[in-house]
Amino acid sequence: KNQVEQSPQSLIILEGKNCTLQCNYTVSPFSNLRWYKQDTGRGPVSLTIMTFSENTKSNGRYTATLDADTKQSSLHITASQLSDSASYICVVVHNNNDMRFGAGTRLTVKP
Amino acid sequence: GAVVSQHPSWVICKSGTSVKIECRSLDFQATTMFWYRQFPKQSLMLMATSNEGSKATYEQGVEKDKFLINHASLTLSTLTVTSAHPEDSSFYICSARGYVAHRHTDTQYFGPGTRLTVL
């Protein structure tokens with residue numbers, strides 16, 4: 001069983017709408033949690049990094065939340081744009097710096 | 001700062017040939033580089049970790065004689081897929097961490113990836 005589970009596996013929304021992606025993890029002890037955006041055929045690009053003491057962090061239209069007690073994180077995208085179409089990967093970093101990758105959520109934004 | 005490049009961005013080769021992929025940290029010193037493989041609709045899978053000047057550490061199930069990794073300098077690591085076969089076709093991504101603006105960081109910076117197709 002993967003230590004980082006993401007849902008949904010894929011999502012289609014209309015341009016301008018908001019959406020929320022979920023990440024549940026069992027990695028312990030954990031150092032930090034990261035959300036990456038990966039465009040098709042490209043490498044991942046970091047969106048947010050949160051330590052266990054941080055509950056929320058924003059980067060433009062992206063807002064990540066973290067509940068270290070329930071081991072859950074979410075990524076909220078506001079006013080989606082066509083360019084938001086990508087895979088969003090949740091990565092939990094173990095205390096030994098090992099990165100545990102989720103399988104990603106494939107987001108498609110349609111006009 | 002902290003840009004990682006890969007070359008080539010895509011390569012097509014015949015079965016049995018060897019392919020070399022380069023990973024460069026353009027504006028920082030990469031003391032550690034990582035190589036990942038990603039199959040369609042799947043997440044990144046770590047293949048190996050290499051520290052500059054040392055032999056790479058391979059993940060379980062990754063053949064070190066097939067995937068040769070060299071990290072001879074603080075800005076360059078290479079992955080050579082030897083005797084490539086169609087099942088080696090995948091998206092190979094490197095990442096690097098080290099000293100950015102003279103400060104050590106644990107953040108991994110990813111390259112843009114290399115698409116390998118073996119015919």
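Here is a short report on the structure shown in this document. These numbers come from a predicted model, not from an experiment.

What counts, and at which threshold
Residues numbered from 1 in each chain as written. Chains lettered and ligands numbered in written order. Predicted model: local features only at pLDDT ≥ 70, side-chain atom pairs only at ≥ 80, totals over all residues. Heavy atoms only, no water. Helix = DSSP H or I, 4+ residues; strand = E, 2+ residues; numbered from the N terminus. Buried < 20%, exposed > 50% of the residue type's maximum accessible area, 1.4 Å probe, protein only. Contact = heavy atoms within 4.5 Å. Areas by Shrake-Rupley, 256 points an atom, 1.4 Å probe, with all protein chains shown as cover. Lys, Arg positive; Asp, Glu negative; His and termini not counted. Charge placed at Lys NZ, Arg CZ, Asp CG, Glu CD. Pairing = 2+ DSSP bridges. Axes fitted to C-alpha atoms, helices over the stretch in contact; angles between N-to-C directions. Disulfide = S-S within 2.5 Å. Phe/Tyr/Trp six-rings, centres within 6.5 Å; stacked < 30°, edge-to-face > 60°. Lys NZ or Arg CZ within 6 Å of the ring centre and 35° of its normal.

1. Quick look at the overall build of chain A
On a plain count of helices and strands, chain A comes out with zero helices and eleven strands. Going through the 111 residues of chain A one by one, you find that 41% of them count as buried. Sequence separation of 24 or more characterises 55% of the internal contacts of chain A that already satisfy a separation of 6 or more. Just so you have it, chain A exposes about 5400 Å², and 48% of that area is on carbon and sulfur atoms. Across chain A, 11 positive and 8 negative side-chain charges occur, with their mean positions spaced 5 Å apart.

2. Side note on the sheet that holds strand 7 (residues 62–67) of chain A
Residues and elements named next belong to chain A. In spatial order, the strands read 1-3-8-7-6; together these five strands make up an open sheet with antiparallel pairing. Two strands close off the open sheet at either side, each with one partner strand: strand 1 (4–7) and strand 6 (56–59). Averaged over all neighbouring strand pairs, the angle between strand axes comes to 15°, with direction disregarded. Sheet topology note: the strand 3 (residues 19–25)/strand 8 (residues 72–77) ladder contains six bridges and is antiparallel. Bridge assignment links Thr20 to a residue of strand 8, and that residue is His76.

3. Topic: the state of the cysteines
All names here are of chain B. Evaluated as defined, the whole model comprises two disulfides over all chains. What pairs with Cys23 in a disulfide is Cys94, and their sulfur atoms sit 2.0 Å apart. Taking the torsion about the S-S bond as the criterion, the Cys23 to Cys94 disulfide, at about 80°, is right-handed. With Cys23 in strand 3 (residues 19–25) and Cys94 in strand 9 (residues 90–100), this pair connects stretches of sequence that are 71 residues apart. Among the residues examined, Cys23 registers a relative accessible area of 0% and is labelled buried.

4. Some thoughts on the packing of aromatic side chains
The final tally for this structure, using the stated rule, is eight aromatic pairs over all chains. A centroid spacing of 5.3 Å and a plane angle of 45° characterise the contact between A:Tyr25 and A:Phe30, whose relative ring orientation is tilted. The exposure class of A:Tyr25 is buried, given its relative accessible area of 4%. Between the aromatic rings of A:Phe101 and B:Tyr36, the centroid separation amounts to 5.2 Å while the plane-to-plane angle is 75°, which identifies the pairing as edge-to-face. In this pair, A:Phe101 sits in strand 10 (residues 99–101) while B:Tyr36 sits in strand 4 (residues 29–38), so the two residues belong to two different chains. B:Tyr36 shares its class with A:Phe101; the two are buried. Here the basic side chain of A:Arg61 rests over the ring of A:Tyr62, its NZ or CZ set 5.8 Å away from the ring centre. When the ring centre of B:Phe67 is taken as origin, the NZ or CZ atom of B:Lys66, which lies over that ring, is 6.0 Å away.

5. A word on the sheet that holds strand 8 (residues 76–81) of chain B
All names here are of chain B. One open sheet holds the four strands; their spatial order is 1-3-8-7, and the pairing between them is antiparallel. Each edge of the open sheet is held by one strand with a lone partner, namely strand 1 (4–7) and strand 7 (67–73). Adjacent strand axes in the sheet meet at a mean angle of 15° when their direction is disregarded. Note that strand 3 and strand 8 share six bridges and pair antiparallel. Looking at the pairing, Lys20 lines up with Thr80 of strand 8.

6. Details of unusual backbone geometry
Here the residue pair A:Ser28 and A:Pro29 is connected by a cis peptide bond, since its omega of -10° sits within 30 degrees of zero. Tracing the backbone through its elements, the reader meets A:Pro29 in the loop between strand 3 and strand 4 (30–38). Here B:His7 and B:Pro8 are connected by a cis peptide whose omega angle stands at 0°. In this fold, B:Pro8 is placed in the loop between strand 1 and strand 2 (10–13). Residues other than glycine seldom take positive phi values, yet A:Lys71 does so here, at roughly 55°. Locating A:Lys71 in the fold gives a position in the loop between strand 7 and strand 8.

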